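One-letter residues, chain by chain:
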Amino acid sequence: MTSRPGRLLHALALVTLVAVAAAQAYTNPVIAPVAADPSLIRAPDGFWYLYATQDRWDDGLEHYLPTFRSSDLVAWEFVGDVFTLPPRWKSQGFLWAPDVSLVDGVYHLYYSYSTWGDPNPCIGLARSPSPTGPWEDLGRAVFCSDDIGVRNSIDPYHYVAADGARTLVWGSFNGIHAVRLSDDGTEPVGEVVRLADSRFEGAYLHERDGYLYLFLSSGSCCDGANSTYATWVGRSQDVLGPYLDDTGRNLRAGGGRIVLYRNDAWVGPGHVAVATDDAGQDWLVYHAIDPTNDHLRNGATRRPALIDVIEWEDGWPVVNGGNRPSSDERAAPVVNR
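This structure is a prediction, so every number in the text was calculated from the model and none was measured.

### Considering the nonpolar core
Formed by 60 residues in total, the largest nonpolar core has its most connected members in Leu40, Leu50, Trp76, Leu205, Phe215 and Leu284. Among the elements that line this core, the one with the most residues is strand E23 (residues 305-313), at 6 residues. Once residues within four sequence positions are removed from consideration, Leu50 is found in contact with Ile31, Ala35, Pro38, Ser39, Leu40, Pro66, Thr67, Phe68, Trp76 and Val285. Membership of the second largest hydrophobic core comes to 18 residues, among which are Ile41, Phe47, Tyr111 and Tyr113.

Shown next as structure tokens:
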């Protein structure tokens, strides 16, 4: 059995009730100063856990896949890092774009491991019986670019079907690809299938009403106030595609429907995940950049985490009625407490 935000049964999600009142309102961002490339899951204890890219925070500490916990998707606390130091199976690199899922009681966290411009980036895997660790790394790559024959093999997303079949979706500006994984999720066993063209990275799949919605990001993620990141979507009834937009265009050939774009308050919104609250309302979780406060002290782009409600119109996701991040006070997610 696998679980994702919005897929875990409420009966399990509410096993542990926390005696606090859920937030009634919120204003973005919900995690600052930085929580880039967020992936999250609601655990059986009722909390959401969010995992983010490695960054050096303004406290001067390097955080290797920082982990946050929240009872309401609004108030988050830092609860530790996945790793105290990078795994040693690669000589050097940066840990980014983690993806978390729960399979048969074990948390699986796939992550990218590479340097900027790395000719052979890799995807790793760590597992734990708890969302806060301790995490046991696989000790080797699930695969690297040279192994799989796809350049820039980063940004993994782990999809587990109802029958237990596993698929890894990944890619960054060299096409979005998918491959079947072994039963234990530790290596590719199928043929590589191209899902979307080279405009995109940061794949995320959300299931709804018989469709798989493939959310993708395009543009520059990390140029401060000049970042051009935006979020797109297509859908399919098969994890291996084809993924089409609302006009029937294939994402492999120029298709895609816009979901999030910049405004005056926030630029570069992207690398999304989806969470579902206790009223059944879907929320987009993503990073974006305040153009007036766009860098950390170390010079890296400051990418805090934001949330916004998804309205589904004619089977397609719409954010804030105009596909722009919110900056004013909004009603918070509904959480049963």
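Right, picking up where we left off after that structure.
### Some details on the state of the cysteines
In total, this model carries 2 disulfides according to the counting rule given. Between Cys122 and Cys144 runs a disulfide, and the two sulfur atoms are separated by 2.0 Å. Here the disulfide of Cys122 and Cys144 is right-handed, its torsion about the S-S bond being about 95 degrees. Here Cys144 lies in strand E12 (residues 143-144) and Cys122 lies in strand E10 (residues 122-128), a separation of 22 residues in the sequence. Owing to a relative accessible area of 3%, Cys122 belongs among the buried residues under this scheme. Using a relative accessible area of 8% as the deciding quantity, one classes Cys144 as buried. With its sulfur 2.1 Å from that of its partner, Cys221 forms a disulfide with Cys222. Residues Cys221 and Cys222 share a disulfide whose torsion about the S-S bond is about -90 degrees; that sign makes it left-handed. Using a relative accessible area of 16% as the deciding quantity, one classes Cys221 as buried.

### Describing the packing of aromatic side chains
What the rule picks out here adds up to 15 aromatic pairs. A centroid spacing of 5.0 Å and a plane angle of 85 degrees characterise the contact between Trp89 and Tyr113, whose relative ring orientation is edge-to-face. Pair noted here: Trp89 is in the loop between strand E7 (76-83) and strand E8 (94-103) and Tyr113 is in strand E9 (residues 106-114), with a separation of 24 residues, a long-range link. Using a relative accessible area of 1% as the deciding quantity, one classes Tyr113 as buried. Three or more aromatic residues link up through ring pairs in this structure, and these residues are Phe83, Trp89, Tyr111 and Tyr113. Cation over ring: Arg235 sits above Tyr211, and NZ or CZ is 3.9 Å from the ring centre.

### Regarding the sheet that holds strand E17 (residues 200-208)
A sheet is described by the order of its strands in space; here 4 strands give the open sequence E17-E18-E19-E20, paired in antiparallel fashion. Two strands close off the open sheet at either side, each with one partner strand: E17 and strand E20 (257-260). On average, adjacent strands in this sheet sit at an angle of 35 degrees to one another, irrespective of strand direction. In terms of strand pairing, E17 meets strand E18 (residues 211-218) through 7 bridges, oriented antiparallel. Residue pairing for E18: Tyr204 is matched across the bridge by Phe215.

### Description of the pattern of salt bridges
Close approach of charged atoms allows side chains of opposite charge to pair. For the structure on display, the rule yields 12 salt bridges. For Arg199, the salt bridge identified is with Asp197, shortest N-O distance 2.7 Å. Given a relative accessible area of 10%, Asp197 falls into the buried group. The shortest N-O distance in the salt bridge between Arg208 and Asp282 comes to 3.5 Å. Residue Arg208 is located in strand E17, and its partner Asp282 is located in strand E22 (residues 282-289); the two are separated by 74 residues in the primary sequence. You can call Asp282 buried: its relative accessible area is 5%. A single salt-bridge network, built from bridges that share partners, covers Arg208, Asp209 and Asp282.

Cut-offs used in this document
Residues numbered from 1 in each chain as written. Predicted model: local features only at pLDDT ≥ 70, side-chain atom pairs only at ≥ 80, totals over all residues. Heavy atoms only, no water. Core = buried A, V, L, I, M, F, W, Y, C linked by side-chain atoms within 4.5 Å. Buried < 20%, exposed > 50% of the residue type's maximum accessible area, 1.4 Å probe, protein only. Helix = DSSP H or I, 4+ residues; strand = E, 2+ residues; numbered from the N terminus. Contact = heavy atoms within 4.5 Å. Disulfide = S-S within 2.5 Å. Phe/Tyr/Trp six-rings, centres within 6.5 Å; stacked < 30°, edge-to-face > 60°. Lys NZ or Arg CZ within 6 Å of the ring centre and 35° of its normal. Pairing = 2+ DSSP bridges. Axes fitted to C-alpha atoms, helices over the stretch in contact; angles between N-to-C directions. Salt bridge = Lys/Arg side-chain N within 4 Å of Asp/Glu carboxyl O.

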